[in-house]
Amino acid sequence: MEAAIGWGAVFEKGDAGRFTGDVWLRSGPAAGDGTNVGIVHFSPGARTHWHAHPGGQFLYGLTGRGRVRSRGGSGHVLEPGDIVHVPAGEWHFHGGAPDSPVVHVAVNGGGAPEWGDPVTDEDYGEGF
Ligand code: MN
């Protein structure tokens, strides 16, 4: 029997067009409607750029401590076991805490995310 069908055992480094700092991604299979799952590792202070998912996104904290914040919103500290839902089309970022890496599962609704500007240090610190 084939284990882990559709899962690559390979981590891809997060590129500077979408991420700040040291980020590693492992992408899983996509369902027929485009829903897909990935595991993301962020070093302390590393984060996504501002972005929005057309089908929304669930983040599930596995280990470490991270940060999630929607543009203009208050910050959420992502702890192991937390499940955060980011509504469809909502601009946000996620990443590690300043003093801790984080690993989270991401379950993404279908459609390619829209990517924006890097999250500045000021934006990263706001609301926490
Ligand atoms: Mn996201």
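Residues numbered from 1 in each chain as written. Predicted model: local features only at pLDDT ≥ 70, side-chain atom pairs only at ≥ 80, totals over all residues. Heavy atoms only, no water.

**Q** Tell me about the nonpolar core, residues and numbers included.
**A** Counting 13 residues, the largest nonpolar core has Val-23, Phe-42 and Val-84 as the members making the most contacts within it. Broken down by secondary-structure element, the contributors of at least two residues to this core are strand 3 (23-30), strand 4 (36-42), strand 10 (83-86) and strand 12 (102-108). Those residues in contact with Val-84, other than ones at most four positions away along the chain, are Gln-57, Phe-58, Leu-59, Val-68, His-76 and Leu-78. (Core = buried A, V, L, I, M, F, W, Y, C linked by side-chain atoms within 4.5 Å. Buried < 20%, exposed > 50% of the residue type's maximum accessible area, 1.4 Å probe, protein only. Helix = DSSP H or I, 4+ residues; strand = E, 2+ residues; numbered from the N terminus. Contact = heavy atoms within 4.5 Å.)

**Q** Residue-level account of the side chain of Ser-70, with values.
**A** Locating Ser-70 in the fold gives a position in strand 8 (residues 66-70). A polar atom in the side chain of Ser-70 sits 2.4 Å from the side chain of Glu-90. (Polar contact = N/O pair within 3.5 Å; in protein donor to acceptor, adjacent residues only side chain to side chain.)

**Q** Give me the lowdown on the pattern of salt bridges, citing residues and values where you can.
**A** The full count for this structure, using the stated rule, is five salt bridges. Note that Arg-18 is salt-bridged to Asp-15, the shortest N-O span being 2.8 Å. Taking relative accessible area as the criterion, Arg-18 reaches 25% and is therefore assigned partly exposed. Where Asp-121 meets Arg-47, a salt bridge forms, and the shortest distance between an N and an O atom there is 2.8 Å. Here Asp-121 is found in helix 1 (residues 121-125), whereas its partner Arg-47 is found in strand 5 (residues 47-48), with 74 residues between them in sequence. For Arg-47, a relative accessible area of 6% puts it in the buried group. (Salt bridge = Lys/Arg side-chain N within 4 Å of Asp/Glu carboxyl O.)

**Q** Before we move on, can you summarise the coordination of the manganese ion with the specific residues and values?
**A** Every protein donor of the manganese ion is listed here as His-51 (NE2), His-53 (NE2), Gln-57 (OE1), His-92 (NE2) and His-94 (NE2), and their distances to the metal cover 2.1 to 2.2 Å. Between consecutive donor residues of the manganese ion, the sequence gaps follow H-x1-H-x3-Q-x34-H-x1-H. Here the residue His-51 occupies a position in strand 6 (residues 51-52), and His-94 occupies one in strand 11 (residues 92-96), the gap between them amounting to 43 residues. (Donors = N, O, S within 2.8 Å, 3.2 Å for Na, K, Ca; no water.)

**Q** Describe the environment of Ala-88, and please don't skip the residues or the numbers.
**A** In this structure, Ala-88 sits in the loop between strand 10 and strand 11. Along the chain, Ala-88 and Glu-114 lie 26 residues apart, while their C-alpha atoms are 11 Å from each other. Filtering out sequence-adjacent residues up to four positions away, Ala-88 remains in contact with His-53, Pro-54, Gly-55 and Gly-56.

**Q** Explain a nonpolar patch on the surface residue by residue, including any values.
**A** On the surface, a cluster of nonpolar side chains totalling about 450 Å² of accessible area is made up of Phe-58, Tyr-60, Leu-62, Ile-83 and Val-107. With three residues, the top contributor of residues to the nonpolar patch is strand 7 (residues 57-64). Tracing the chain through its elements places Tyr-60 in strand 7. Owing to a relative accessible area of 38%, Tyr-60 belongs among the partly exposed residues under this scheme. (Patch = residues over 30% accessible without salt bridge, like charges linked within 9 Å, V, L, I, M, F, W, Y side chains within 5 Å. Areas by Shrake-Rupley, 256 points an atom, 1.4 Å probe, with all protein chains shown as cover.)

**Q** Got a sec to walk through the pairing of strand 4? Specific residues and values, please.
**A** Examined bridge by bridge, strand 3 and strand 4 share six bridges and lie antiparallel to one another. Within strand 4, the position partnered with Ala-30 by the bridge is Asn-36. From the end of strand 3 to the start of strand 4, which pair antiparallel, there are five residues, and Gly-34 there has a positive phi angle of about 95°. Judged from the seven bridges that link them, strand 4 and strand 12 form a sheet pairing that is antiparallel. By the bridge assignment for strand 12, Phe-42 is matched with Val-102. (Pairing = 2+ DSSP bridges.)

**Q** Could you give me a rundown of the sheet that holds strand 3, with the residues and numbers involved?
**A** Reading across from one edge, 1-3-4-12-7-10 is the order of the six strands in this open sheet, with antiparallel pairing throughout. Edge positions in the sheet fall to strand 1 (12-13) and strand 10, since each has one partner strand and no second.

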